[in-house]
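Survey of secondary and tertiary structure
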Amino acid sequence: MASSFDATRVSVVDHPLVQHKLSLLRDKQTGCKQFRELVRELARLETYEATRDLPLEPVRIETPIAPMEAAHLAGRTPAVIPILRAGLGMLEGVLDLIPDALVGHLGMERDEVTHEPREYYAKLPRDIAERTCLVVDPMLATGGSAEAALSYLRAQGARDIRFLSIVAAPEGLSRVLEGDADVRVFACAIDECLNENAYIVPGLGDAGDRIFGTL
């Protein structure tokens, strides 16, 4: 039975360039170097859409021709938080667009007793509550790690959280959106389902292994 989710909080970035790069990313013949480059490029394009509504404030500047009123981002710059390890592949793509963004790191693992995801490493900006948080992870499969990561960030005071994945499964979207009433999710594609091994179908394989060459 197909999973349902709140589509009003999901944005699919389906620009032609995204679709082209995603097809190359999915191809099993794509090598590690190109795969890594494509993940960075897709993260960059996705960040453009995920930050479309960031607030602006007026600022007076002078061009070589005349003074004018222009616009700067208002408030504090966003923070980008990759979920280790695959999320690191998207980090530089976000920083290409927001080079002064602060960077946090969040590692998730399965607890041996409860069998639920928990953080094993966390280093976040101290003022995370005052910043838009761009949480990045190429794959949103079961949604377990993503849900736990969002819960941890909420407990640290994060308010504006945007989750960026490249490929998402309906099951993962349903779990994340039900677990967090305010998160917004951005993806380059929503695939069919998960298989019996919790891999996204058709997916692109294990993103972490393909990024870091640990197949």
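The amide bond that connects L84 to the next residue, R85, takes the cis arrangement and shows omega of 0°. Mapped onto the secondary structure, R85 falls in the loop between β4 (79-84) and α3 (88-97). Following V201, the chain continues to P202 via a peptide bond in cis, the omega torsion being 0°. Topologically, P202 is positioned in the loop between β15 (200-201) and α6 (207-212).

Time to look at helix α4 (residues 144-155). Between its first and last C-alpha atoms α4 spans 17 Å; for twelve residues at 1.5 Å apiece the expected length is 16 Å, and the two agree. Those residues of α4 not exposed but buried are G144, A146, A148, A149, L150, Y152 and L153. G157 sits one or two positions beyond α4 and adopts a positive phi of about 105°.

Turning our eyes to something else, we now look at helix α1 (residues 16-26). All buried positions along α1 are accounted for by V18, K21, L22 and L25. Along the long axis of α1, the arc covered by the buried residues comes to 105°, so they all point the same way. Where α1 is buried, its residues touch α2 (32-50), β11 (167-168), β13 (189-190) and α6.

With that out of the way, let us pick up the sheet that holds β11. In space, the three strands of this open sheet follow the order β9-β11-β13, with parallel pairing throughout. The outermost strands of the open sheet, each flanked by one partner alone, are β9 (139-140) and β13. Here β9 pairs with β11 via two bridges, running parallel. Paired with L140 across the two strands is A168, which belongs to β11.

Grouped together as the largest cluster of nonpolar side chains are 33 residues, with contacts concentrated most on L25 and I166. At the level of elements, α1, α2, α3, β8 (133-136) and α6 are the ones that each hand at least two residues to this core. Per-element tally for this core: the top contributor is α2, with six residues. Beyond its immediate stretch of four places on either side in the chain, I166 contacts L22, L25, V39, L42, E46, M90, D137, P138, A187, C188 and A189. Among the nonpolar cores identified, the runner-up in size contains 25 residues, and V135, A148, L150 and L177 belong to it.

Each value, and the rule that gives it
Each chain carries its own residue numbering, running from 1 in the direction its sequence is written. In keeping with the predicted nature of the model, local features appear solely for residues at pLDDT of at least 70, side-chain atom pairs appear and are counted solely at 80 or more, and the whole-chain, interface and lining totals rest on all residues. Hydrogens and water molecules were not included; the side-chain quantities draw on all heavy atoms of the structure. Here a helix means four or more residues in a row that DSSP labels H or I, a strand means two or more in a row labelled E, and each is numbered from the N terminus. To estimate how far a helix should extend, the number of its residues minus one is multiplied by 1.5 Å. Buried residues are those whose accessible area, probed at 1.4 Å on protein chains only, stays under 20% of the maximum for their type, while exposed residues exceed 50% and partly exposed ones sit between those limits. An arc is given here, and it is the one of the directions from the helix axis to the C-beta atoms. In this analysis, two residues are considered to be in contact whenever any of their non-hydrogen atoms come within 4.5 Å of each other. One requirement defines pairing of two strands: DSSP has to find at least two bridges between them. Nonpolar core, defined: a set of buried Ala, Val, Leu, Ile, Met, Phe, Trp, Tyr and Cys residues in which side-chain atoms within 4.5 Å join the residues together.

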